[in-house]
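# Structural features, examined
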Amino acid sequence: MDDYLIGVLSNIGVISFVALSAYLLLLTGEISFGQQAFFAIGAYSAGIATAMWSWPLSAALVFGAATGGASAALVGLPTLRLHGLYFAIATLAFAEMVRLLFELFQYQVLIDGELVGPNGADGFRGIRYIFQNDISALQFMGLIYALLAATLVGFLLLERSVLGVSFRMIGEDSVLAQLQGIAVARHKVLAAGLAGALAGIGGGLYAHLTTYVEPRVFDVMLGVLSLAYGLIGGLGTALGPLLGVLIDIGLLESIRALAGYRMIIFGGLVALLLIVRPRGLLDERVVHHLGRLWHRAWTHMRMAPR
Amino acid sequence: MIDFVQNTIDGVMIGSSYALLALGFTLIFGVMRRLNLSYGPSIMIGAYLGTWIYVQAGAGPLAVAAAVVLGAVLAGVYVERLCFAPMGFAAGIASMVSSFAIWMQLEQAAILVLPRHTYPFPPLATGAPLTLGPFLLRVDHLIMLACALGLAAGVQIVLYRTRFGLALRAIIGNPTAAHLVGINVKAAVLGAFAAASALGGVAGYLVLATDQQVTPMFGMWATMKGLIAMMIGGLGSIPGAVLGGLLLGVVEVHSQWYFGPQVRDLVAYLLLFVVLVVHPGGFIGRAPGREGTMPEQRA
């Protein structure tokens, strides 16, 4: 595989984490414009852990997930009673606050005669763990996709568990869910925390992939895009957001010949797609049909005389 | 003390541009219960049209103003046709994301037509600022404040004293019932969109004439400032939009004076977050009952 392709695929993998993070909240019925904040917190935490505290990568990624998840759960508490638009704008306001705080954040130490660490709006250079430890781009891509696969398995198990059903129930009607005995508040904070942790892992991977993070990467655009991925790809399955990322980054990369018209075409495409399929390509109905087809094929195979 | 009063005056003046932006936002949100993220970028289309005829043909202020409003209305109608009309009242999230997609489209289109980073924009009023005792008042700022208050009063009168306003309020109450009593809902919504975009165009013209330059960042700036002002003041309330805009301006100028420009935006978002958490309805708006939730969740 050439370096370009590895770069694009790694990028798709990393962005998938933020998309899945936004998707998890969509399951509970909340639209978040702010998942990029936890992506940023994870990126900075994991970067600081390896580049400044000499932690191993695995511990740094766990640390990124923990800081992302903890801060998301903390934000989840005051925003608990907000719904719909109010929740979306509150998360947006929080995420912009985080971005602006990182523009003020100065924390540098001298390592091997070089200042390393977050330097306000100039960003955080020198997260060189994968070079220092001779990890190739291909190996790092392998790591990204291994973690992504584990996350997808997690989603698959979640969708089949009581917890997943509770999440979807809260998303459908939180009052009804409450009446059915589901602890809505606790579930919502849990979902926010899990979503934050997912974004945090993605951020940690992103920081080590690019070796350099700057606050302006984590702007509203990233947040709305990661929300859009789920809506384009479909809200029926965790594969939906991945499909969304694939269409966006895949398409953007593939029709680069049209350079200047890229956003015009892509923007129009998304708008038209949403008219035809308001809940995305892989919406609940499609997933249900596919599941039935699969089931039928499976029983057919088992019933067939040997 | 003099600084404090002067800063407050400046804040009110800058705030009047936010109030103008919030007016159009409020009109769309009030009628559709949906967020049009493309609101700022549509104004930017008008701004680019204005600066284009200014640079190419040396058009006068009036022609430029007309071009900005016209461009904003055309772009606004385009957004309504593509993102809002086909989805009906039932798909709030999809409309919002779709309007974001069109945001990217409009921004790219504007950059494609005028690729340089900044373009000049004709000033509205040149000349020395007025003095009032120890305080300075810029003429263009005063015009902006007068326009904000005048247009807010105008919108309020249209909403509560005309048949069109009555139709819009009926749609706000219940779109289906409004349709059943013979109101042409689609036409009224389109009209509200066009009116909101025209308000945005006026706001955009006044802001740009004060700044005397256009950059591609203007679209995002307009959406954000309008959104914050609307949310602080109170969703769906015209006096709320004005109050929110003025308050945002005053808070921003003071925080810039005491803590520097980097803290300015931080304080604005902090204010928004705190208002949402403590009193989500904003200062004047309703508390977020079922009314404030997305239409999809209301169903």
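The rules behind the values
- Residues numbered from 1 in each chain as written.
- Chains lettered and ligands numbered in written order.
- Predicted model: local features only at pLDDT ≥ 70, side-chain atom pairs only at ≥ 80, totals over all residues.
- Helix = DSSP H or I, 4+ residues; strand = E, 2+ residues; numbered from the N terminus.
- Rg over C-alpha atoms; globule rule 2.2 N^0.38 Å.
- Buried ≥ 20, exposed ≤ 12 C-beta atoms within 10 Å, placed from the backbone.
- Contact = placed C-beta atoms within 7 Å.
- Nonpolar A, V, L, I, M, F, W, Y, C, P; charged D, E, K, R; others polar.
- Pairing = 2+ DSSP bridges.
- Core = buried A, V, L, I, M, F, W, Y, C linked by C-beta atoms within 7 Å.
- Axes fitted to C-alpha atoms, helices over the stretch in contact; angles between N-to-C directions.
- Parallel < 35°, antiparallel > 145°, perpendicular 65-115°, else oblique.
- Expected span 1.5 Å × (residues − 1).
- pLDDT = per-residue confidence, 0-100.

Looking only at helices and strands, chain B features 12 helices and four strands. The C-alpha radius of gyration computed for chain B amounts to 19 Å, which stays within 12% of the reference 19 Å derived for 299 residues, consistent with globular compactness. Each of the three principal axes of chain B carries a C-alpha extent, and together these read 60 × 45 × 35 Å. By the burial criterion, 54% of the 299 residues in chain B qualify as buried. Partitioning the intrachain contacts of chain B with sequence separation of at least 6 by distance along the chain shows that 76% fall at a separation of at least 24.

Looking only at helices and strands, one finds 13 helices and three strands in chain A. Its C-alpha atoms give chain A a radius of gyration of 20 Å, near enough to 19 Å, the size a compact globule of 306 residues would have. Along the longest, intermediate and shortest principal axes, the C-alpha atoms of chain A span 70 × 45 × 45 Å. Considering only contacts within chain A whose residues lie at least 6 apart along the sequence, 76% involve residues at least 24 apart.

On the chain B side, the residues contacting the 33 residues of chain A number 35 residues. When contributions to the side of chain A that touches chain B are tallied by element, the ones reaching two or more residues are α4 (84-104), α10 (220-233) and α12 (262-276) of chain A. The element that contributes the greatest number of residues to the side of chain A that touches chain B is α4(A), accounting for 13 residues. Partitioned by chemical class, the residues of the side of chain A that touches chain B number 24 nonpolar, seven polar and two charged.

All names here are of chain A. By the bridge criterion, three bridges tie strand β1 (residues 109-111) to strand β2 (residues 114-118) in an arrangement that is antiparallel. Considered in β2, the bridge of I111 is made with E114. Two elements, β2 and strand β3 (residues 124-125), share two bridges in a ladder whose sense is antiparallel. Bridge pairing links G117 to R125 in β3. Linking two consecutive strands that pair antiparallel, namely β2 and β3, is a turn of five residues; a positive phi of about 55° is found at G120 within it.

Soluble, globular proteins show a tendency: their nonpolar side chains are buried together. Counting residues in each nonpolar core, the largest one holds 194 residues, and the members touching the most others are B:A19, B:L20, B:L23 and B:L272. At 15 residues, the largest contribution of residues to this core is made by helix α8 (residues 185-211) of chain B.

The strand order across the open sheet built from three strands is β1-β2-β3 (chain A), with neighbouring strands paired in antiparallel fashion. Every other strand in the sheet has two partners, leaving β1 and β3 of chain A as the edge strands with one partner each.

Residue and element names in this part refer to chain A. It is the contact of helix α7 (residues 162-172) with helix α9 (residues 184-210), at a shortest axis distance of 10 Å, that shows an interaxial angle of 105°. By the angle class used here, α7 and α9 are roughly perpendicular. Residues S166, F167 and I170 of α7 form the contact with α9, whose own contacting residues are V184, H187, K188 and A191. The class makeup of the residues in the contact of α7 with α9 is four nonpolar, two polar and one charged.

This part covers unusual backbone geometry. All names here are of chain A. Positive phi, close to 55°, is recorded for D134, a residue that is not glycine. Here D134 shows up in the loop between α5 (129-132) and α6 (137-160). Residue D134 is classed as exposed on the basis of its C-beta count, with 7 C-beta atoms lying within 10 Å. Although it is not a glycine, T211 sits at a positive phi angle of roughly 60°. Structurally, the position occupied by T211 is in the loop between α9 and α10.

Take helix α5 (residues 139-161) of chain B next. All names here are of chain B. Over its 23 residues, α5 runs 32 Å from end to end, which matches the ideal 33 Å to within 8%, given 1.5 Å per residue. Within α5 the residues assigned to the buried category are D140, H141, M144, L145, C147, A148, L151, A152 and V155. Considering only its buried residues, α5 is in contact with α1 (2-32), β3 (135-137), α8 and α10 (238-259).

The next subject is the packing of α1(B) against helix α9 (residues 218-233) of chain B. Residue and element names in this part refer to chain B. One way to put it is that α1 packs onto α9 with a least axis distance of 8 Å and a crossing angle of 75°. On the basis of the axis angle, α1 is roughly perpendicular to α9. Contacts between α1 and α9 involve Y18, A19, L21, A22, F25, T26 and F29 from the first element and A222, K225, G226, L227, A229, M230 and G233 from the second. In the contact of α1 with α9, the residues fall into 10 nonpolar, three polar and one charged.

What follows is about α8(B). Residue pairs spaced three or four apart in an α-helix point in one direction, given the helix's 3.6 residues per turn. Compared with an ideal rise of 1.5 Å per residue, which puts 27 residues at 39 Å, α8(B) spans 38 Å between its outermost C-alpha atoms and is within 8% of the ideal. For α8(B), a buried count of 19 out of 27 residues is recorded, marking the element as mostly surrounded by other parts of the structure.

Tracing the chain through its elements places A:G120 in the loop between β2 and β3. It is 27 Å that separates the C-alpha atoms of A:G120 and A:G193, two residues lying 73 residues apart in sequence.

What follows covers the confidence of the model for chain B. All names here are of chain B. Averaged over all residues, the pLDDT of chain B equals 86, while 94% of them reach at least 70. Averaged pLDDT values over the elements of chain B bottom out at 36 in helix α12 (residues 295-298) and peak at 93 in α10. Scored below 50 in pLDDT, residues 288-299 makes 31 contacts in the model with residues more than four places away or belonging to other chains.

Turning our eyes to something else, we now look at the environment of A:L82. Looking at where A:L82 falls in the secondary structure, it is placed in the loop between α3 (57-76) and α4. When the C-alpha positions of A:L82 and A:R128 are compared, they lie 41 Å apart, and in sequence the two are 46 residues distant. When residues no more than four places from it in sequence are discounted, the contact partners of A:L82 are A:F87, A:A90, B:L276 and B:P280.

Structurally, B:L70 is set in helix α3 (residues 61-84). For the pair B:L70 and B:V181, spaced 111 residues apart in the sequence, the C-alpha separation amounts to 32 Å.

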